[in-house]
Amino acid sequence: MAIRIVVAASHQLVRQGVGSLFGTQQDVQIVGEAKNGAEAVELVRELRPDVVLLDTDLPVMNGFEATRNIHAMHPEVKVIGLSSHTAERHVIEMLKAGASGYVTLNNSFAELVEAIKQVQSGHMHLSSSIVGSVIRQLCDGDANLQEVSTHALTGREKEVLQLIAEGKRTKDIALFLHVSDNTVIRHRQNIGLKLGLHTTAELTRYAIREGLTSLD
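Reading guide: rules and limits
Residues numbered from 1 in each chain as written. Predicted model: local features only at pLDDT ≥ 70, side-chain atom pairs only at ≥ 80, totals over all residues. Heavy atoms only, no water. Phe/Tyr/Trp six-rings, centres within 6.5 Å; stacked < 30°, edge-to-face > 60°. Helix = DSSP H or I, 4+ residues; strand = E, 2+ residues; numbered from the N terminus. Buried < 20%, exposed > 50% of the residue type's maximum accessible area, 1.4 Å probe, protein only. Salt bridge = Lys/Arg side-chain N within 4 Å of Asp/Glu carboxyl O. Pairing = 2+ DSSP bridges. Contact = heavy atoms within 4.5 Å. Axes fitted to C-alpha atoms, helices over the stretch in contact; angles between N-to-C directions. Core = buried A, V, L, I, M, F, W, Y, C linked by side-chain atoms within 4.5 Å.

### Quick look at the packing of aromatic side chains
This model, assessed by the stated rule, comprises 1 aromatic pair. Centroid distance Phe22 to Phe109: 5.0 Å. Interplanar angle 65 degrees. Geometry classified as edge-to-face. A residue pair is termed long-range when its members are at least 10 positions apart, and Phe22 in helix α1 (residues 12-22) and Phe109 in helix α5 (residues 109-120) qualify at 87 residues.

### Notes on helix α10 (residues 200-209)
The buried fraction of α10 is high, at 8 of 10 residues. For α10, the complete set of buried residues consists of Ala201, Glu202, Leu203, Thr204, Arg205, Tyr206, Ala207 and Ile208. Where α10 terminates, the next one or two residues include Gly211, which has phi positive at roughly 75 degrees.

### A short note on unusual backbone geometry
A positive phi is found at Val60, a non-glycine position, where the angle reads about 70 degrees. Looking at the secondary structure, you find Val60 in the loop between β3 (51-54) and α3 (63-73). Take Val60: its relative accessible area is 73%, and that puts it in the exposed class. A positive phi angle, near 60 degrees, is found at His178, a position not held by glycine. Here His178 lies in the loop between α8 (170-177) and α9 (181-195). Since its relative accessible area comes to 73%, His178 is described here as exposed.

### Concerning the pattern of salt bridges
Inspection of the entire model under this criterion finds 10 salt bridges. A salt bridge links Arg156 to Glu159, with the shortest nitrogen-to-oxygen separation between them at 2.6 Å. Separated by 3 residues within a single helix, Arg156 and Glu159 lie in helix α7 (residues 155-165), roughly one turn from each other. On the basis of relative accessible area, Arg156 is assigned to the partly exposed category, the value being 31%.

### Quick word on the sheet that holds strand β1 (residues 3-8)
The 6 strands lie next to each other as β2-β1-β3-β4-β5-β6, forming an open sheet whose pairing is parallel. The open sheet terminates on both sides in strands that have one partner only, identified here as β2 (28-34) and β6 (125-126). Examined bridge by bridge, strand β4 (residues 78-83) and strand β5 (residues 101-104) share 4 bridges and lie parallel to one another. Paired with Ile80 across the strands is Gly101, a residue of β5. Strands β3, β4, β5 and β6 of the sheet are contacted by helix α4 (residues 88-97), whose axis makes an angle of about 150 degrees with β5.

### A closer look at the nonpolar core
Among the nonpolar cores identified, the biggest contains 24 residues, and Val52, Leu54, Val79 and Met94 are the most heavily contacted of them. Broken down by secondary-structure element, the contributors of at least two residues to this core are β1, α2 (37-47), β3, α3 and α4. With 4 residues, α2 is the single largest residue contributor to this core.

As structure tokens, then:
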């Protein structure tokens, strides 16, 4: 079954260009296009795509706010930031908003396809050109990580945190640990309460800092 995509970009040339490129892909299907953030949020509500390619520089509602809305209302829909910006602060802000990936416009189409497939399978993806600098900044705690020890977590909570940071979805974690989805959800809630960290980006950053996992 093809991965269903919504493309949100303010420039028509970008939307048309991405659309024409994906026209050659049998396993990816463009199901909608939006020219601003509000349209993107509405299209996601109507179409329930698998992945949204979202520019950060959107009018009406910017990409960060649109991502927060999509992630809050439809957490199963994966968002990939698609932008010309390479500054770490743009990438980190998108991850904090709930994005599962970030691809710059100067990267190849092949990498964009790979990013879509990775986030659809539950992993995170950052463009190869920015991943090193972003991870360094995340590990430095630039986004105000709280100084909380992993001793606050139980052994099982540490396992769940590690799997979350490695990009595993709730159902995959449940299968791996031989527990129910609700048990995994409850562990994640407890982790969030103990650490004061709630988004996947925050939890991933914390896990890297504490040596529980690493990003390739």
